[in-house]
Amino acid sequence: MTNLKTMLSSLLSAKIMLFFLLVTLVSSLIVGETLTLEPSPKNIPEPRYDMHRLEKLHRSNRWIQSEKIRIYCGWPMSTYWPRIKKDFSGNFFEFLDKVAEAGFNVALIGDIGNWNEKDWSASFDCPATAALYARLKGLRVIWHMGYLYRKPAEKAAEEIGTKYGEFMTRTGQVYKACPCPLDEKLWQDRFENSILKALAWEKEHNVRISCGCHLDVEPQCEQEECLCNRCFSGFLKTEGLDEQALPKPDERFAYLTDNQLLEDYHLYLSERLISILTPLRERVLKASGRPGYLFSFYPGHVFDRAGWMCRAMARALGNAEAPVLLWDDAMYWNGYTGSYKHILKNQEAMRQYLGYEPLYLPSIDYVLEDIRYPTYTPERAAHEMYLLNCSSPGTFCFGEKARGKTVWESHEPYWPVFKEMNERLLKNGLIKSIGLHTPWFWERMKLQALKESVDQRIRTYSAARESKEKKLKPNEAGNKP
Ligand SMILES: [Zn+2]
């Protein structure tokens, strides 16, 4: 009876807690307040990932074994926004100072994609000067290639179905945001317009800036799988099924589930994607001249949304010497303490799937504007980042912008606690070094000279733009009496 009473009272208190949680959520949505994560539970044991598991890493990647790969990324690291938004506060170089001071060892800098297809070099100068600065600070750099596909609606409407194949959803509709993820040309164009150009630029200037490249496939993953004519009839053919009996677009998903073929379909899509990506990896390795060059992508889902795509990318773009960096976001808003079982499960699943030790990297999104998700207090963010680093060969530390604050103000409170977090990893023997490696004298001179020439070009563009704007102003004023 005592047990029953205890059970009833704990059920009641759980209900009360749930009620208060809902009230907080609803009221915060009504009044627009930001949700904040409370201090995390202390009773979860500190994990300790065995770094010896990474013994097969290529010698150029051995630093990961002693330093872990602790990547700082997020809005402060995107040079795209400062280029288009004039109200972006905080100098990009000052953000990089903070990243280095806080003791991260890798900066994900981007993007180097084709935002401005007409003049790629002009678009590339901003991330290039940032990357050169990061290298001079001793940070390692990963180029962010941007999204696999992201174009203004008008441009996308023009290209999808003509230049690139259509992406067909489960309901038989054409997905207007991006083309079929198994269109070879789509992948080839993205690689051509970003990483291959960036590597050619490094080669031209005889410098080594990046240790890897990163790609975002989130829009593709939103839709689970493509059911377009090409994907679907390819599957029917491979399975020895009647190609002539191709179901109507809105009946294809039901066809797969009714015949218990969904898993086979995903397997087929994975194999196709692997065959598209394998030669692209070869091209990048050849262009970089480095067999240990790293590939990374987001989201690194093992089972969730479009897991077939993520597993295929992990297999095609990596090996035991240079595994793909898998950016898992499942713990974005509950950290290690809310996701530790998920982390262990996913690490092991990828280990089994790949047949070697994966670079499975959990992450948090510690500050953001969207009130549907909570923002971490600085202490909680640092605590979770510490535990995530203990649990894995490294992490992605991601942040956006707080509501009503500038990007600079949003991140400022977190730098001191992130510094303590990285120092604690060192003090407790989780890493052997913080990992900042300032280049040698001659290398430094070369990087500085290159940076100066890039900066000079940026000054020229800016001056030209300003004078163009000044010329436009009198007309504007003239129109308004
Ligand atoms: Zn398709």
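Residues numbered from 1 in each chain as written. Predicted model: local features only at pLDDT ≥ 70, side-chain atom pairs only at ≥ 80, totals over all residues.

1. What about the overall build of the chain?
Part 1 of the reasoning: Assigned secondary structure in the chain consists of 18 helices and eight strands.
Part 2 of the reasoning: Looking at the chain as a whole, 41% of its 481 residues are labelled buried.
Part 3 of the reasoning: Partitioning the contacts of the chain with sequence separation of at least 6, the portion at a separation of at least 24 is 79%. (Helix = DSSP H or I, 4+ residues; strand = E, 2+ residues; numbered from the N terminus. Buried ≥ 20, exposed ≤ 12 C-beta atoms within 10 Å, placed from the backbone. Contact = placed C-beta atoms within 7 Å.)

2. Considering the sheet that holds strand E8 (residues 394-399)
Part 1 of the reasoning: The sheet built from eight strands closes into a barrel, its strands ordered E1-E2-E3-E4-E5-E6-E7-E8 with parallel pairing. On average, each strand axis in the sheet is tilted by 25 degrees relative to the strand beside it, whichever way the strands run.
Part 2 of the reasoning: As defined by bridge partners, strand E1 (residues 69-74) adjoins strand E2 (residues 106-110) across two bridges and the pair is classed as parallel. Considered in E2, the bridge of Tyr72 is made with Ala107. (Pairing = 2+ DSSP bridges. Axes fitted to C-alpha atoms, helices over the stretch in contact; angles between N-to-C directions.)

3. What to know about the confidence of the model for the chain
Part 1 of the reasoning: Residue-level pLDDT values for the chain average 88, and 86% of them are 70 or greater.
Part 2 of the reasoning: Least confident of the elements in the chain is helix H1 (residues 2-31), whose mean pLDDT is 46; most confident is helix H17 (residues 414-427), at 98.
Part 3 of the reasoning: Confidence over residues 1-13 falls short of pLDDT 50; this stretch has zero contacts with residues more than four positions distant or in other chains.
Part 4 of the reasoning: In the predicted structure, residues 23-32 sits below a pLDDT of 50 and forms five contacts with residues beyond four places in sequence or in another chain. (pLDDT = per-residue confidence, 0-100.)

4. A short note on the pairing of strand E6 (residues 325-328)
Part 1 of the reasoning: Side chains Leu325 and Trp327 project from E6 onto one buried face, and the interleaved Leu326 and Asp328 project onto a second face that is buried too.
Part 2 of the reasoning: Two strands pair when backbone bridges link them, and strand E5 (residues 294-298) and E6 are joined in this way by two bridges, in the parallel orientation. Bridging across to E6, Ser296 finds its partner in Leu325.
Part 3 of the reasoning: Crossover connection from E5 via helix H13 (residues 307-316) to parallel E6: handedness right-handed.
Part 4 of the reasoning: When E6 meets strand E7 (residues 359-365), the two strands line up parallel, connected through four bridges. In the sheet register, Trp327 faces E7, and the bridge partner there is Leu361.
Part 5 of the reasoning: Each parallel crossover has a hand, and the one from E6 via helix H14 (residues 335-354) to E7 is right-handed. (Right-handed = clockwise from strand over helix to strand, strands pointing away.)

5. What to know about the nonpolar core
Part 1 of the reasoning: Residues Ile71, Ala107 and Val141 are the most contacted members of the largest nonpolar core, which totals 117 residues.
Part 2 of the reasoning: Examining the composition of this core, we find that eight residues originate from one element, helix H5 (residues 120-137), more than from any other.
Part 3 of the reasoning: Ignoring sequence-local partners within four residues, the contact set of Ile71 consists of Phe104, Val106, Leu108, Ile142, Gly394, Thr395, Phe396 and Cys397. (Core = buried A, V, L, I, M, F, W, Y, C linked by C-beta atoms within 7 Å.)

6. A word on helix H4 (residues 92-101)
Part 1 of the reasoning: Those residues of H4 that fall on the buried side of the exposure criterion are Phe92, Phe95, Leu96, Lys98, Val99 and Ala100.
Part 2 of the reasoning: Looking one or two residues beyond H4, the residue adopting positive phi is Gly103, at roughly 90 degrees.

7. Here we look at unusual backbone geometry
Part 1 of the reasoning: The residue after Gly110, namely Asp111, is reached through a cis peptide bond having omega -5 degrees.
Part 2 of the reasoning: Residue position: Asp111 is located in the loop between E2 and H5.
Part 3 of the reasoning: Residue Pro299 is bonded to the preceding Tyr298 through a cis peptide linkage, with omega at 0 degrees.
Part 4 of the reasoning: With respect to the secondary-structure elements, Pro299 resides in the loop between E5 and H13.

8. As for the packing of helix H7 (residues 184-193) against helix H12 (residues 262-288)
Part 1 of the reasoning: Following both chains from N to C, one finds H7 and H12 inclined at 15 degrees, their axes separated by 10 Å at the closest point. The angle between H7 and H12 places the two elements in the roughly parallel class. Two packed elements cross with a definite hand, and for H7 against H12 that hand is right-handed. On the side of H7, the interface is formed by Glu184, Trp187 and Phe191, while H12 contributes Ile276, Leu277, Leu280 and Val284.
Part 2 of the reasoning: Across the contact of H7 with H12, the residue classes break down as six nonpolar, no polar and one charged. (Parallel < 35°, antiparallel > 145°, perpendicular 65-115°, else oblique. Left-handed = near helix turned anticlockwise from the far one by under 90°. Nonpolar A, V, L, I, M, F, W, Y, C, P; charged D, E, K, R; others polar.)

9. Remarks on the packing of H12 against H13
Part 1 of the reasoning: The interhelical angle for the contact between H12 and H13, taken along N-to-C directions, is 35 degrees, at an axis separation of 8 Å. Viewed along their axes, H12 and H13 form a crossing whose handedness is right-handed. Across the interface between the two elements, His266, Leu269, Ser270, Leu273, Ile274, Leu277, Thr278 and Arg281 of H12 pack against Trp308, Met309, Arg311, Ala312, Met313, Arg315 and Ala316 of H13.
Part 2 of the reasoning: Split into classes, the residues belonging to the contact of H12 with H13 amount to nine nonpolar, three polar and three charged.

10. Some remarks on the pairing of E1
Part 1 of the reasoning: Within E1, six of the six residues are buried, which leaves it mostly tucked inside the rest of the structure.
Part 2 of the reasoning: With burial as the criterion, each face of E1 is covered, one bearing Ile69, Ile71 and Cys73 and the other bearing Arg70, Tyr72 and Gly74.
Part 3 of the reasoning: In the sheet, E1 pairs with E8 via six bridges, with the strands oriented parallel. Looking across to E8, one finds that Arg70 is bridged to Thr395.

11. Some remarks on helix H15 (residues 378-391)
Part 1 of the reasoning: Along its 14 residues, H15 runs 20 Å from first to last C-alpha, staying within 8% of the 20 Å computed at 1.5 Å per residue.
Part 2 of the reasoning: Most of H15 is tucked away, with eleven of its 14 residues classed as buried.
Part 3 of the reasoning: Buried residues belonging to H15 abut E1, H14, E7, E8 and H17. (Expected span 1.5 Å × (residues − 1).)

12. Let's talk about the environment of Gly318
Part 1 of the reasoning: In this structure, Gly318 sits in the loop between H13 and E6.
Part 2 of the reasoning: Accessibility expressed as a C-beta count within 10 Å gives 21 for Gly318, which makes it buried.
Part 3 of the reasoning: When the C-alpha positions of Gly318 and Tyr293 are compared, they lie 9.1 Å apart, and in sequence the two are 25 residues distant.

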